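# Tertiary structure, described
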Amino acid sequence: MGFFPDTMPGVEPDFVDRQFWDHCNQHELRFQACGACGVPRHPPVPVCPKCLSTDQKWTKAPPQAAVYSFTVIHHASHEAVKEMLPYVVATVAFENLPGVRLVSNIVTPDVRQVYIGMPVQLQWDATAQGQQIPRFIPIASQKEKA
């Protein structure tokens with residue numbers, strides 16, 4: 001079973017973000033960048049907001065990130081997540097991708113341990129529909145497993 005139960009609604013990629021999700025299905029976290037000026041961006045958009053170029057490329061993200069912001073969810077917004085409470089929704093930032101932020105979950109048994117700047121490690125989680133979702137665990141959790 002994934003982080004969330006199988007009854008949780010899944011991802012529905014569209015023409016703009018389909019490549020992002022296709023990369024995720026290959027266990028590759030990649031972000032769109034402008035093919036002309038090189039500025040990385042997320043979420044994907046058809047036109048670079050800096051230089052207005054439609055040329056794009058996909059840049060691989062490192063497997064480590066840092067918690068940029070977070071909140072602990074205590075009230076279920078969907079029936080499927082009631083049993084998961086509390087859980088953490090976080091925005092993570094990547095050192096080599098300035099300005100790129102990704103909203104995800106920090107998977108941890110103790111939500112009180114999450115803090116701004118916390119180093120986290122990418123891990124993959126599949127939805128009931130098979131879509132791979134990037135989630136993160138505290139790097140200390142990995143050391144504890146070793």
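Everything discussed here concerns the structure shown above.
Each chain has its residues counted from 1, running along the sequence as written. A pLDDT threshold of at least 70 governs which residues receive local features in this predicted model, and a stricter bar of 80 or more applies before side-chain atom pairs are shown or counted, although totals over entire chains, interfaces and linings include all residues. Note that the side-chain values use all heavy atoms of the structure and ignore hydrogens as well as water.

### Considerations on the pairing of strand β1 (residues 30-34)
Here is the key point about a regular strand: its side chains alternate between the two faces of the sheet. The cut-offs for exposure are 20% and 50% of the maximum accessible area for each residue type, with area from a 1.4 Å probe on protein chains only; residues under the lower value are buried, those over the upper are exposed, and the others partly exposed. Note on conventions: DSSP H or I runs of at least 4 residues are helices, E runs of at least 2 residues are strands, and numbering of each starts at the N terminus. Burial runs high along β1: five of the five residues are buried. Side-chain alternation along β1 places Arg 30, Gln 32 and Cys 34 on one buried face and Phe 31 and Ala 33 on a second face that is also buried. Strand pairing requires that DSSP identify at least two bridges connecting the strands. Bridging between β1 and strand β2 (residues 40-41) involves two bridges; their strand directions are antiparallel. Across the sheet, residue Ala 33 finds its bridge partner in β2, namely Pro 40. Between the antiparallel neighbours β1 and β2 lie five residues, among them Gly 38 with a positive phi of about 85 degrees.

### Comments concerning the pattern of salt bridges
The salt bridge definition used is simple: a Lys or Arg side-chain nitrogen within 4 Å of an Asp or Glu carboxyl oxygen. Using the criterion set out here, one finds four salt bridges in the structure. Here Lys 82 ties to Glu 79 by a salt bridge, and the two come within 3.6 Å at their closest N and O atoms. A residue is classified by how much of its surface remains accessible, and Glu 79, at 57% relative accessible area, is exposed. Asp 110 is paired through a salt bridge with Arg 112; the nearest N and O atoms lie 2.9 Å apart. When its relative accessible area of 70% is taken as the criterion, Arg 112 is described as exposed.

### Topic: unusual backbone geometry
Looking along the chain, the bond that leaves His 42 and enters Pro 43 is cis, with omega of 5 degrees. Inspection of the secondary structure puts Pro 43 in the loop between β2 and β3 (56-60). Despite not being glycine, His 27 shows a phi value in the positive range, around 60 degrees. Along the chain, His 27 turns up in the loop between α1 (18-25) and β1. We classify His 27 as partly exposed; its relative accessible area is 44%. Positive phi values are uncommon outside glycine, yet Leu 52 reaches one of about 70 degrees.

### Topic: the nonpolar core
Formed by 24 residues in total, the largest nonpolar core has its most connected members in Leu 29, Phe 31, Phe 94, Ile 106 and Phe 136. Those elements that place two or more of their residues in this core are α1, β4 (64-73), β5 (87-93), β6 (101-106), β7 (119-126) and β8 (132-138). Two residues qualify as a contact provided that any one of their heavy atoms is within 4.5 Å of a heavy atom in the partner residue. If near-sequence neighbours (up to four positions away) are discounted, Ile 106 is found in contact with Val 67, Val 88, Ala 90, Val 92, Val 114, Val 120, Phe 136 and Pro 138. Counting residues in hydrophobic clusters, the runner-up holds five residues, among them Phe 3, Phe 4, Ile 73 and Val 81. Here, nonpolar core refers to any group of buried Ala, Val, Leu, Ile, Met, Phe, Trp, Tyr and Cys residues whose side-chain atoms link them within 4.5 Å.

### Overview of the sheet that holds β1
Ordered by their spatial adjacency, three strands build an open sheet running β2-β1-β3, and the pairing between neighbours is antiparallel. Of all the strands in the sheet, the pair left with one neighbour each is β2 and β3. Seen against the sheet, α1 touches β1 and β3 and runs at an angle of roughly 30 degrees to β3. Axis angles are defined between N-to-C directions and span 0 to 180 degrees, where every axis is a line fitted to C-alpha atoms and, for a helix, only to the segment in contact.

### Side note on the environment of Trp 58
Among the structural elements, Trp 58 can be located in strand β3. Taking the C-alpha atoms as reference points, Trp 58 and Arg 30, 28 residues apart in sequence, are found 5.8 Å from one another. Non-local contacts of Trp 58, meaning those with residues more than four positions away in its chain, are made with Gln 19, Phe 20, His 23, Arg 30, Phe 31, Gln 32 and Pro 44. In this structure the side chain of Trp 58 is engaged in a polar contact, spanning 3.2 Å, whose partner is the side chain of Gln 19. Whenever a nitrogen or oxygen atom comes within 3.5 Å of another N or O atom, the pair is scored as a polar contact, on the condition that within protein one atom can donate a hydrogen and the other can accept it, and that pairs from neighbouring residues in sequence are kept only if both atoms are in side chains.

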